[in-house]
Amino acid sequence: MNDSPMTSHLFAHREDGFRYAPFDREVAFYESICSGNIELVKMFAAPLFCEGCGTLSKDYLRNLKYHFTITTALIARFCVNSGMTPEEAYSLSDIYIMKADECMEENELRCIHADMIEDYTRKMRRVRTGNVYSKRIVCAMDYISEHLHSSIRIEETAEYLQINPAYLSRAFKAETGMTFTDYVNRKKVEEAAGLLSYSKYSDLEISSLLCFSSQSYFIKIFKKYIGITPKEYKKKYRFND
């Protein structure tokens with residue numbers, strides 16, 4: 001009988017009923033960071049060393065640090081693949097891994113883990129928009145991304161940016177090729193698509209969560225950008241838990 005460490009490890013996992021976290025959901029988490037969508041990241045993010053994670057050290061804090069290092073390294077590589085410069089991605093990775101290495105308490109390490117994820121996500125949002133749009137329009141896009149679960153009006157966005165709503169409307173259309181309202185709806189639909197694929201929310205709950213005026217309007221807008229209804233999308237793209 002082959003009594004290798006691998007065999008023993010696999011046997012122990014089977015005996016304990018251990019199952020690794022689903023691969024597709026893990027990939028969705030990394031891709032959500034690359035999308036720059038913080039709300040989507042919050043939906044996919046899991047606590048550091050949660051159910052479905054293997055044990056890498058018998059020392060609990062060291063085990064957390066190992067998982068932190070792996071997660072940070074993978075995020076950096078996904079971000080490089082999505083347009084972040086290797087210099088920025090790997091430097092950021094080094095900085096956070098060194099911060100984690102100095103941690104003496106679990107809570108401190110978990111806070112750094114959350115900060116690291118948010119930092120990469122915000123930087124990826126800038127990567128995706130910063131080389132294409134003016135700083136003012138990028139700030140407007142940031143505002144929209146951070147308020148997808150609210151009713152977003154151009155007047156409130158303009159007030160936040162301290163500019164005239166009419167000017168923002170013209171500039172937004174000129175730079176993005178779409179109206180402010182169209183952009184907001186498109187981003188809400190992208191968020192809805194993620195929720196339909198990975199969450200247990202119903203169509204009605206998602207419509208309410210994203211502050212659409214009615215479920216019928218949500219279905220209309222979703223079909224406009226995706227080409228099928230939310231129910232059809234869920235049936236086609238829903239991932240198993």
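See above for the structure.
Scoring rules and cut-offs
- Residues numbered from 1 in each chain as written.
- Predicted model: local features only at pLDDT ≥ 70, side-chain atom pairs only at ≥ 80, totals over all residues.
- Heavy atoms only, no water.
- Helix = DSSP H or I, 4+ residues; strand = E, 2+ residues; numbered from the N terminus.
- Expected span 1.5 Å × (residues − 1).
- Buried < 20%, exposed > 50% of the residue type's maximum accessible area, 1.4 Å probe, protein only.
- Arc of directions from axis to C-beta.
- Contact = heavy atoms within 4.5 Å.
- Polar contact = N/O pair within 3.5 Å; in protein donor to acceptor, adjacent residues only side chain to side chain.
- Phe/Tyr/Trp six-rings, centres within 6.5 Å; stacked < 30°, edge-to-face > 60°.
- Core = buried A, V, L, I, M, F, W, Y, C linked by side-chain atoms within 4.5 Å.
- Axes fitted to C-alpha atoms, helices over the stretch in contact; angles between N-to-C directions.
- Parallel < 35°, antiparallel > 145°, perpendicular 65-115°, else oblique.
- Left-handed = near helix turned anticlockwise from the far one by under 90°.
- Nonpolar A, V, L, I, M, F, W, Y, C, P; charged D, E, K, R; others polar.
- Salt bridge = Lys/Arg side-chain N within 4 Å of Asp/Glu carboxyl O.

Engineer: Would you mind going over helix H10 (residues 180-198) with me for this structure?
Structural biologist: One full turn of an α-helix is made of 3.6 residues, so residues set three or four places apart face in the same direction. Given a rise of 1.5 Å per residue, 19 residues ought to cover 27 Å, and the 28 Å separating the end C-alpha atoms of H10 matches this to within 8%. For H10, the tally of buried residues reaches 14 of 19 residues, placing the bulk of the element in the interior.

Engineer: What am I meant to see in helix H9 (residues 165-176) here?
Structural biologist: Over its 12 residues, H9 runs 16 Å from end to end, which matches the ideal 16 Å to within 8%, given 1.5 Å per residue. For H9, every residue scored as buried is listed here: Leu168, Ala171, Phe172 and Thr176. Seen along its axis, H9 keeps its buried residues to an arc of 105°; they face one direction. Among the exposed residues of H9, those pointing more than 90 degrees away from its buried face are Arg170 and Ala174. Packed against the buried residues of H9 are helix H7 (135-145), helix H8 (154-161) and H10. Near the N-terminus of H9, the side chain that reaches the backbone nitrogen of Ala166, with its oxygen 2.8 Å away, is that of Asn164. Positive phi shows up at Gly177, right after H9, with a value of about 80°.

Engineer: Could you clarify how one ought to interpret the packing of aromatic side chains in this entry?
Structural biologist: Centre distance and the angle of the planes are the two values used to describe a pair of aromatic rings. For the structure shown, the criterion picks out nine aromatic pairs. Summarising the aromatic geometry, the rings of Phe212 and Tyr217 are spaced 6.2 Å apart at their centres and angled 55° between planes, so their arrangement reads as tilted. Look at Tyr217 and you get partly exposed, because its relative accessible area is 29%. Residues Phe212 and Phe218 carry aromatic rings whose centres are separated by 5.0 Å and whose planes lie at 50° to one another, so their mutual orientation is tilted. Of the residues examined, Phe212 reaches a relative accessible area of 9% and is grouped as buried. Take Phe218: its relative accessible area is 0%, and that puts it in the buried class. Counting every residue linked through ring pairs, the aromatic cluster contains Phe212, Tyr217, Phe218, Phe222 and Tyr233.

Engineer: Whenever I open this one, the nonpolar core confuses me. Can you help?
Structural biologist: Side chains of nonpolar character tend, in soluble globular proteins, to be buried together. In terms of nonpolar packing, the biggest core is built from 27 residues, with Phe29, Ile33, Phe68, Ile75, Cys79 and Tyr120 touching the most fellow members. When contributions to this core are tallied by element, the ones reaching two or more residues are helix H2 (23-35), helix H3 (38-44), helix H4 (60-81), helix H5 (86-101) and helix H6 (106-130). Here this core takes six residues from H6, the largest share from any one element. Sequence-distant contacts of Phe68, that is, excluding residues within four places in its chain, are made with Leu48, Tyr96, Ile97, Ala100, Leu109, Ile112, His113 and Met116. With 18 residues, the next largest nonpolar core counts Ile144, Ile154, Leu161 and Ala171 among its residues.

Engineer: Just to check I follow, could you spell out the packing of H7 against H8 for this structure?
Structural biologist: For any two helices packed against each other, one specifies the crossing angle of their axes together with the interaxial distance. The geometry of H7 relative to H8 is characterised by a closest axis approach of 10 Å and an angle of 125° between their N-to-C directions. In terms of orientation, H7 and H8 fall into the oblique class. In terms of crossing hand, the pair formed by H7 and H8 is right-handed. Contacts between H7 and H8 involve Arg136, Cys139, Ala140 and Tyr143 from the former and Glu156, Thr157, Tyr160 and Leu161 from the latter. Classifying every residue of the contact of H7 with H8 gives five nonpolar, one polar and two charged.

Engineer: Even after reading the chapter, I still don't get the pattern of salt bridges, so can you show me in this structure?
Structural biologist: One side chain can pair with another of opposite charge once the charged atoms of both are near each other. Here the structure, examined in full by the defined rule, presents 10 salt bridges. Across the pair Arg122 and Glu146 runs a salt bridge whose closest N-O atoms are separated by 2.5 Å. Of the two residues, Arg122 is situated in helix H6 and Glu146 in the loop between H7 and H8; the sequence distance between them amounts to 24 residues. Look at Arg122 and you get partly exposed, because its relative accessible area is 34%.

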